[in-house]
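Letter by letter, the chains look like this.
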Amino acid sequence: MSMFCYQCQEAAKGTGCEGNFGVCGISADVSNLRELSMYVVKGLAYYSVKAREMGIEIKEGNTYFVETLFTAVTNVSFDEADFKKNVQKGIDLRKEYITAIEAAGGKMDENLPDCATWTPGSDEAINAKANEVETFKASDNEDVRSLRDLILFGLKGMAAYLDHANVLGYDSEECNVFVQKALKELTNDELTVDETIALVMETGKYGVDVMALLDKANTETYGNPEITEVNIGVGTNPGILISGHDLKDMQQLLEQTEGTGVDVYTHSEMLPAHYYPAFKKYSHFVGNYGNAWWKQGEEFTKFNGPIVMTTNCITPVKDAYQERIFTTGLVGYPGLKSVKVKEDGTKDFSEVIELAKKCEAPTEIETGKIVGGFAHNQVMAVADKVVEAVKSGAIKKFVVMAGCDGRQKGRSYFTDLAQELPQEAVILTAGCAKYRYNKLELGDIGGIPRVLDAGQCNDSYSLAVIALKLKEAFGLEDINDLPLAFDIAWYEQKAVIVLLALLFLGVKGIRLGPTLPAFLSPNVAKVLVENFDIKAIGDVKADVAEIMGQA
């Protein structure tokens, strides 16, 4: 079996992963099944769109689209069973839609594409089809293919954020409608290049809406993030390490570990949980352990206790901790234990807790504290101070260094850039990219820390809100007139929807790295450069000079 995948920044040789395994560790069999799930979900969109036109809605369908797209994000699942289940679920839902449409007197079009009609007769048929479909090469026109993939990857990222909101009981019918409409259009060969570009921008628009929805879900449920010092050392009690992005899992784990003698630590993208008021009452919520997702092999080994993976960013599991790592939600990895789910839908962490009690306390890997919690509500509370610092010249530039971290050596650029920026520059960050510089001693400007961490990758929305509010405060009409520069690190598809959201908001001059996406054709890349001045990161000193207006 052979694969082809270029949806993440680690695309081999800057073009795509081929052969038996991807750089992320996914096998060809699993990668091909993942792409088959995308094939089926595009086909199902024909039926969901038709049903809506007739006033028919199958609620389970919305969940299916969101969860299937999210499961297809890099490093969510390495499990064949997950993707086969999604494929079969899509086929079963298609039957439900057909039954409902026909019962209402409707009829589907006769000339449907294969993705909307293919039906597997066996497990072997699923495997055979998975090795046949080429969703990444679905058009003879390279530019159309590139634009379609840009949209699809944006939809995957959007689905991740929509799923997080759904878990907290928040949803958006408008976003669900758009996701399904866009999936259908991805197979429409009559769509022109200009119409496809318009769909790209519309994807960015709904990306903004989804991140706003998730921000509302998080803050209404757990309160607005507050400026917080987070311990990065360890205690003497046994601990549980929780990674990923799901705050509801965080809540349930804290509730169930209270009074057990087991401490709880965050890892990677779960760090911002410390900033929410609702979690501050738990005295056994003691700190953050480690760094970004890609170091988990080393850090999970040293943690000694059980680990819970709540969303994406799992990497191939090492023998040293295989018996003490648990998955939950959409995370899939063959052979691992899953957190049990009760009949009422709540999680049961008792097995994790009992295992923790038998483990040694975490091995200390660092000491000290890091500061975060600078989401839009907190920053705007000191807006007058920020504006005055800009007017006085104490702050000359805000540099947005949000996004993802990753394994590539070239990502040292972001550490070097943070150190090279002059004292008058403030870094605005969100996502695990911050681990490249959030433990550096960069000082402050009149009490304003030079690294303002807004939270998880989805909290990039906070950075957009801050920028828009500052635009108002300075009486500017164009966001690009702010003393603001964007130097973004990307890895997977959630970063793609953040990028499209920024483009929709009119942000120009974004630097992107450590490499430009492999799925951008030369012509599509040219359009982005000409219309939005997107550029690849370059030499640190030269980039700093340009950022600071000294070039």
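All of the points below concern the structure found in this document.

Thresholds applied
- Residues numbered from 1 in each chain as written.
- Predicted model: local features only at pLDDT ≥ 70, side-chain atom pairs only at ≥ 80, totals over all residues.
- Heavy atoms only, no water.
- Phe/Tyr/Trp six-rings, centres within 6.5 Å; stacked < 30°, edge-to-face > 60°.
- Helix = DSSP H or I, 4+ residues; strand = E, 2+ residues; numbered from the N terminus.
- Buried < 20%, exposed > 50% of the residue type's maximum accessible area, 1.4 Å probe, protein only.
- Contact = heavy atoms within 4.5 Å.
- Polar contact = N/O pair within 3.5 Å; in protein donor to acceptor, adjacent residues only side chain to side chain.
- Pairing = 2+ DSSP bridges.
- Axes fitted to C-alpha atoms, helices over the stretch in contact; angles between N-to-C directions.
- Right-handed = clockwise from strand over helix to strand, strands pointing away.
- Core = buried A, V, L, I, M, F, W, Y, C linked by side-chain atoms within 4.5 Å.
- Salt bridge = Lys/Arg side-chain N within 4 Å of Asp/Glu carboxyl O.

Our next topic: the packing of aromatic side chains. Scanning the model with the defined rule gives 17 aromatic pairs in all. Considering the side-chain rings of Tyr 289 and Phe 303, the 5.1 Å spacing of their centres and the 75° angle between planes classify their relative orientation as edge-to-face. You can see Tyr 289 sitting in the loop between strand E6 (285-288) and helix H10 (296-303) and its partner Phe 303 sitting in helix H10, a full 14 residues away along the chain. Classification of Phe 303 by relative accessible area gives buried; the value is 0%. Considering the side-chain rings of Trp 293 and Tyr 491, the 4.7 Å spacing of their centres and the 45° angle between planes classify their relative orientation as tilted. With a gap of 198 residues between them, Trp 293 in the loop between E6 and H10 and Tyr 491 in the loop between strand E18 (484-489) and helix H16 (493-504) connect regions that are remote in the sequence.

Right, let's get into helix H18 (residues 540-547). Of the residues making up H18, those classed as buried are Val 540, Asp 543, Val 544, Ala 545 and Ile 547. Tucked into the core, H18 has its buried residues touching strand E13 (397-400), helix H14 (412-420), E18 and strand E19 (511-513). Where H18 begins, one side-chain oxygen reaches toward the backbone nitrogen of Lys 541, 3.2 Å away; that side chain belongs to Asp 539. Looking one or two places after H18, you find Gly 549, whose phi comes out positive at around 75°.

Before going further, it helps to examine the sheet that holds strand E17 (residues 451-453). One open sheet holds the six strands; their spatial order is E17-E14-E13-E18-E19-E20, and the pairing between them is parallel. The sheet is open, and its two edges are formed by E17 and strand E20 (535-536), each paired on a single side. Across the sheet, H18 lies against E13, E18, E19 and E20, angled at about 155° from E19, the strand it touches most.

Our focus in this paragraph is the sheet that holds strand E4 (residues 239-243). As summarised here, the arrangement of the six strands in space is E6-E5-E4-E7-E8-E9, forming an open sheet in which the pairing is parallel. What marks the edges here is a single partner per strand, and that holds for E6 and strand E9 (337-338).

The element strand E14 (residues 425-429) is largely enclosed, with a buried count of five among its five residues. With burial as the criterion, each face of E14 is covered, one bearing Ala 425, Ile 427 and Thr 429 and the other bearing Val 426 and Leu 428. You can see the chain leave E13, run along H14 and come back into E14, and the turn it takes is right-handed. Note that E14 and E17 share three bridges and pair parallel. Pairing of Ile 427 across the sheet is with Val 451, part of E17.

On to the nonpolar core. Counting 168 residues, the largest nonpolar core has Leu 36, Leu 155 and Leu 183 as its most contacted members. Counting residues per element, this core draws most heavily on helix H1 (residues 28-53), at 13 residues. Sequence-distant contacts of Leu 155, that is, excluding residues within four places in its chain, are made with Leu 69, Phe 178, Val 179, Ala 182, Leu 183, Leu 186 and Thr 203. By size, the runner-up hydrophobic cluster in this structure holds 20 residues, among which are Tyr 413, Ile 427, Tyr 437 and Met 548.

A separate point is the pattern of salt bridges. The final tally for this structure, using the stated rule, is 27 salt bridges. When the shortest N-O distance is used, the salt bridge between Lys 89 and Glu 60 registers 2.2 Å. Of this pair, Lys 89 sits in helix H3 (residues 80-103) while Glu 60 sits in helix H2 (residues 59-71), and the two are 29 residues apart along the sequence.

Before going further, it helps to spend a moment on the environment of Val 317. With respect to the helices and strands, Val 317 occurs in the loop between strand E7 (307-309) and strand E8 (325-327). The buried category is assigned to Val 317, whose relative accessible area is 13%. Between the C-alpha atoms of Val 317 and Asp 215, which are 102 residues apart in sequence, the distance is 32 Å. Ignoring any residue separated from it by four or fewer positions in sequence, one finds Val 317 in contact with Gln 322, Ile 325, Tyr 333 and Leu 336.

With that settled, consider H10. Looking only at H10, the buried set comprises Gln 296, Gly 297, Glu 299, Phe 300 and Phe 303. Along its buried surface, H10 packs onto E4, strand E5 (263-267), E7 and E8. Of the residues flanking the end of H10, it is Asn 304, one or two places downstream, whose phi is positive at about 80°.

As a further point, take unusual backbone geometry. A cis amide bond links Gly 513 with the next residue in sequence, Pro 514, at an omega value of 10°. Of note, Pro 514 is situated in the loop between E19 and helix H17 (522-532). Of note in this structure, Lys 13 is not a glycine but carries a positive phi near 60°. You can see Lys 13 is positioned in the loop between strand E1 (3-5) and strand E2 (17-19).

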